[in-house]
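# Chains, contacts and geometry: an overview
Letter by letter, the chains look like this.
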Amino acid sequence: MSIFSTKLKEVRLYNNITQKQLADFLGISERSYQNYEYGNREPSFDVTVKLANHLNVSIDYLLGRTDNPHSHKS
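Overview of the structure. (Residues numbered from 1 in each chain as written. Predicted model: local features only at pLDDT ≥ 70, side-chain atom pairs only at ≥ 80, totals over all residues. Heavy atoms only, no water.)

Moving on to the environment of Val57. Residue position: Val57 is located in the loop between α4 (45–55) and α5 (59–62). Judged by relative accessible area, which is 5%, Val57 ranks as buried. As for Val57 and His70, which are separated by 13 residues in sequence, their C-alpha atoms are 5.4 Å apart. (Helix = DSSP H or I, 4+ residues; strand = E, 2+ residues; numbered from the N terminus. Buried < 20%, exposed > 50% of the residue type's maximum accessible area, 1.4 Å probe, protein only.)

This is the structure we're talking about:
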């Protein structure tokens, strides 16, 4: 698993959101979303931005560049 997939799952669970809910939000199948969490596929930049905004974390956090999930807030 990649850092991204690990962080994505961690934040999703923290927010009590199901894989199906995030898949529906993104307009993709649940299996497509699961591929992100399992590290089988990487989302596009646009999808990464949508995920970060929806989960209220920074892109840098999802990519493992910071340990602060809210580094995008001042």
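Relative orientation of the contacting elements helix α2 (residues 19–26) and helix α3 (residues 30–37) amounts to 110°, with a least axis distance of 8 Å. It follows from the interaxial angle that α2 and α3 lie roughly perpendicular. For the pair formed by α2 and α3, the contact residues are Gln19, Lys20, Leu22, Ala23 and Leu26 on the first element and Glu30, Tyr33, Gln34, Tyr36 and Glu37 on the second. Grouping the constituent residues of the contact of α2 with α3 by class yields five nonpolar, two polar and three charged. (Axes fitted to C-alpha atoms, helices over the stretch in contact; angles between N-to-C directions. Parallel < 35°, antiparallel > 145°, perpendicular 65-115°, else oblique. Contact = heavy atoms within 4.5 Å. Nonpolar A, V, L, I, M, F, W, Y, C, P; charged D, E, K, R; others polar.)

Attention shifts here to the environment of Val49. Among the secondary structure elements, Val49 is positioned in helix α4. You can call Val49 partly exposed: its relative accessible area is 25%. In this structure the C-alpha to C-alpha distance between Val49 and Gln34, which are 15 residues apart in sequence, comes to 17 Å.

Further remarks concern unusual backbone geometry. You will see that Asn16, though not glycine, has its phi angle at about 55°, which is positive. Relative to the elements of secondary structure, Asn16 occurs in the loop between α1 (3–14) and α2. Its relative accessible area of 68% is what places Asn16 among the exposed residues. For Asn56, which is not glycine, the phi dihedral falls at a positive 60°. Turning to its location among the elements, Asn56 is positioned in the loop between α4 and α5. Taking relative accessible area as the criterion, Asn56 reaches 34% and is therefore assigned partly exposed.

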